[in-house]
Amino acid sequence: MSASAFVPKPVQEQVESGEAFSARYIYQGPDRETLGARLPLADIPVVDLEKLSSANPDRDDELKNLRSALSSWGCVQAVNHGMSGSLMEEMREATKSFFATPKEEKHKYARQEKMFEGYGNDMVLSQEQVLDWTDRLYLTVTPASHRKLKFWPRNPPSFRGVLNEYAEATEQIGEVILKSMAASLGLDENCFLEMYGQVPKMYARFNYYPPCPRPDLALGVKPHADRSALTILLQDKDVEGLQVEKDRQWFRVPTIPDALLVNVGDQIEIMSNGEFRSVVHRVSANGARERISVAVFCMPDKESEIEPAAGLVDENRPRLYKKVKNYYQHYKPGKKTIDDAKI
Ligand SMILES: O=C(O)CCC(=O)C(=O)O
Ligand SMILES: [Fe+2]
């Protein structure tokens with residue numbers, strides 16, 4: 001049987017047509033006991049990106065703050081990042097409006113089987129796979145020449161223009177963070193950017209989580225670490241859902257309306273020789289309210305070789321990761337991809 005036979009309707013359509021909750025969404029992982037639990041709030045440090053600019057007198061202190069946040073949590077709440085609050089709000093609104101269009105409209109952008117780009121569910125690879133309570137739109141946003149516009153919504157009419165602006169602002173933020181990460185580790189600030197290569201890419205994933213009848217049994221997204229170098233996440237302004245793991249405990253990530261959450265992905269873990277670890281995270285399902293988020297995955301050129309920076313390897317700090325290439329394709333369901341890259 002082909003995988004398409006296993007692909008269910010988008011969860012939004014299941015909710016709209018009043019379908020019974022399917023056992024295919026019942027999460028079986030070892031952390032399932034914590035699904036309905038009230039979790040502590042993560043005190044993820046806020047990093048002021050303006051203070052990270054080279055001319056700023058507070059730069060050294062803010063670099064220390066960045067390093068300590070990334071070493072402990074694997075993510076930071078970035079503020080003063082240069083993206084206007086109104087653009088952030090427009091991107092949230094355009095995302096909500098797209099998912100609010102009729103299903104016939106959304107299906108115009110449907111993902112083709114085994115392709116990741118377009119509108120649809122989680123990649124369904126087997127009948128046994130436990131499904132995420134989410135629908136998604138996945139798009140390549142940079143370089144502009146790699147965009148597949150047939151998947152870019154025409155409705156709402158503002159969507160394409162807002163995303164274009166959002167992508168430009170996010171690209172600049174990614175560059176500031178990459179330089180600052182390298183500088184915070186005592187490396188040349190261009191060290192990670194140079195490894196990125198000639199044609200770095202950004203993918204945007206628009207996540208939609210409708211209310212779920214069994215938030216005690218299902219997850220919006222199962223625990224995972226992103227295979228990106230960095231992920232820049234725009235959270236829903238009102239509805240929490242993202243949770244991060246630290247020291248084998250789960251925490252709720254607070255929503256700060258003007259902040260962008262920057263996550264360490266596997267490829268920075270490799271480049272930083274494990275100084276920064278990719279953050280394991282999941283999304284809870286919500287019994288009452290819908291939630292959206294926009295994740296932008298920042299990715300090195302697929303031809304670039306990614307490896308621990310030479311400045312972070314010596315006799316006291318052995319090299320912990322192999323050289324990898326086109327790492328994003330290394331997806332293995334149910335496994336932490338980074339384990340394959342460890343020496
Ligand atoms: O919805 C969120 O807050 C996070 C989504 C996520 O982890 C992802 O798209 O990789
Ligand atoms: Fe993620």
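Structural data are supplied above this passage.
Summary of the structure given here. In this convention, every chain numbers its residues from 1, walking through the sequence in written order. Both sets of labels track the order of writing: A upward for chains, 1 upward for ligands. Totals for whole chains, interfaces and linings use every residue, but because this is a predicted model, local features are given only for residues with pLDDT of at least 70 and side-chain atom pairs only at 80 or more, for both listing and counting. Working from all heavy atoms in the structure, the side-chain values ignore hydrogens and water.

1. Let's talk about the environment of K222
Then, in step 1: Comment: elements are numbered from the N terminus, with helices defined as DSSP H or I runs of at least four residues and strands as E runs of at least two. Mapping K222 onto the fold places it in strand β6 (residues 219–224).
Then, in step 2: Expressed as a C-alpha distance, the spacing of K222 and A78, which sit 144 residues apart in the sequence, is 24 Å.
Then, in step 3: Contacts are assigned to residue pairs with any non-hydrogen atoms lying within 4.5 Å of each other. When residues no more than four places from it in sequence are discounted, the contact partners of K222 are Y27, D122, V130, L131, D132, H281 and R282.
Then, in step 4: In terms of polar contacts, K222 uses its side chain to reach the backbone carbonyl oxygen of V130, at 2.6 Å. As used in this structure description, the phrase polar contact means that two N or O atoms lie within 3.5 Å; if the pair is within protein, one of them must be able to donate a hydrogen and the other to accept it, and residues adjacent in sequence are counted only when both atoms belong to side chains.

2. A word on the coordination of the iron ion (ligand 2)
Then, in step 1: Bound to the iron ion (ligand 2) on the protein side are H224 (NE2), D226 (OD) and H281 (NE2), at distances that span 2.1 to 2.3 Å.
Then, in step 2: Within one chain, the residues serving as donors to the iron ion (ligand 2) are arranged as H-x1-D-x54-H. Of this pair, H224 sits in strand β6 while H281 sits in strand β11 (residues 281–284), and the two are 57 residues apart along the sequence.
Then, in step 3: Only protein chains enter the accessibility calculation, which uses a 1.4 Å probe. A residue is then buried if its area is under 20% of the maximum for its type, exposed if over 50%, and partly exposed in between. For H281, a relative accessible area of 5% corresponds to the buried category. Atoms of type N, O and S within 2.8 Å of a metal are treated as its donors, and for Na, K and Ca the window is 3.2 Å; water is not considered, so some sites may appear to be missing partners.

3. Digging into helix α5 (residues 159–184)
Then, in step 1: Each residue after the first adds 1.5 Å to the expected span of a helix. Compared with an ideal rise of 1.5 Å per residue, which puts 26 residues at 38 Å, α5 spans 36 Å between its outermost C-alpha atoms and is within 8% of the ideal.
Then, in step 2: In the segment just after α5, G186 is the residue with positive phi, at about 80 degrees.

4. Details of the site of ligand 1
Then, in step 1: Residues are labelled near a given molecule or strand when at least one of their non-hydrogen atoms is within 4 Å of it. As a matter of local geometry, ligand 1 sits amid 13 residues, with R205, Y209, H281, R291 and S293 nearest to it.
Then, in step 2: Take Y209: an N or O atom from its side chain is 2.6 Å from an oxygen atom of ligand 1.
Then, in step 3: The side chain of D226 places a nitrogen or oxygen atom 3.4 Å from an oxygen atom of ligand 1.
Then, in step 4: If ligand 1 stood free it would expose 300 Å²; the protein chains cover 98% of that surface.
Then, in step 5: Listed by contribution, the elements that provide at least two residues to the shell around ligand 1 are β5 (201–209), β11 and β12 (291–299).
Then, in step 6: Each residue receives one of three labels: charged for Asp, Glu, Lys and Arg, nonpolar for Ala, Val, Leu, Ile, Met, Phe, Trp, Tyr, Cys and Pro, and polar for the others, Gly being one of them. For the shell around ligand 1, the residue count by class is six nonpolar, four polar and three charged. In this description, accessible areas are obtained by the Shrake-Rupley approach with a 1.4 Å probe, and a residue is regarded as covered only by the protein chains that are shown.

5. Some thoughts on the nonpolar core
Then, in step 1: Put simply, a nonpolar core is a bunch of buried Ala, Val, Leu, Ile, Met, Phe, Trp, Tyr and Cys residues held in one set by side-chain atoms that sit within 4.5 Å of each other. With 68 residues, the main nonpolar core has M91, F159, Y166, M181, F192, F206 and I268 as its most contacted residues.
Then, in step 2: Sort the elements by how many residues they give to this core and α5 lands first, with twelve residues.
Then, in step 3: Setting aside chain neighbours within four positions, we find F159 in contact with M91, A94, T95, F98, L137, L139, P153 and F206.
Then, in step 4: Grouped together as the second largest cluster of nonpolar side chains are 20 residues, L242, V253, F297 and M299 included.

6. A closer look at a negative patch on the surface
Then, in step 1: Each patch is assembled from residues with relative accessible area greater than 30% and no salt bridge, linking like charges that lie within 9 Å and nonpolar side chains (Val, Leu, Ile, Met, Phe, Trp, Tyr) that lie within 5 Å. Only one rule defines a salt bridge in this text: a Lys or Arg side-chain nitrogen within 4 Å of an Asp or Glu carboxyl oxygen. Residues scored as charged are limited to Lys and Arg (positive) and Asp and Glu (negative), so that His and the chain ends carry no count. Just so you know, the charge point we use is NZ for Lys, CZ for Arg, CG for Asp and CD for Glu. A surface patch of negative charge is lined by E90, E165, E168 and E171.
Then, in step 2: Looking at the negative patch element by element, the count peaks at three residues for α5.
Then, in step 3: Here E90 lies in helix α3 (residues 85–100).

7. Comments concerning the sheet that holds β11
Then, in step 1: Read across the open sheet, the four strands follow the order β6-β11-β8-β9; overall the sheet is antiparallel. Two strands close off the open sheet at either side, each with one partner strand: β6 and β9 (249–252). Recorded for the sheet is a direction-independent mean angle of 25 degrees between the axes of neighbouring strands.
Then, in step 2: Each pair of strands is called paired provided DSSP finds at least two bridges between the two strands. Both strand β8 (residues 242–246) and β9 contribute to a ladder of four bridges, which runs antiparallel. Paired with E245 across the two strands is W250, which belongs to β9. Between the N-to-C directions of two axes lies an angle of 0 to 180 degrees, each axis being a line fitted to C-alpha atoms and, for a helix, fitted only over the stretch in contact.

8. Quick notes on unusual backbone geometry
Then, in step 1: Residue T142 is joined to P143 through a cis peptide bond whose omega torsion reads -5 degrees.
Then, in step 2: By the element assignment, P143 lies in the loop between β4 (135–142) and α5.
Then, in step 3: With an omega of 0 degrees, the peptide bond between N155 and P156 qualifies as cis.
Then, in step 4: Non-glycine residue N80 carries a positive phi angle of around 50 degrees.
Then, in step 5: When you line up the elements, N80 lands in the loop between β2 (75–79) and α3.
Then, in step 6: N80 gets classed as partly exposed once you look at its relative accessible area, which sits at 41%.

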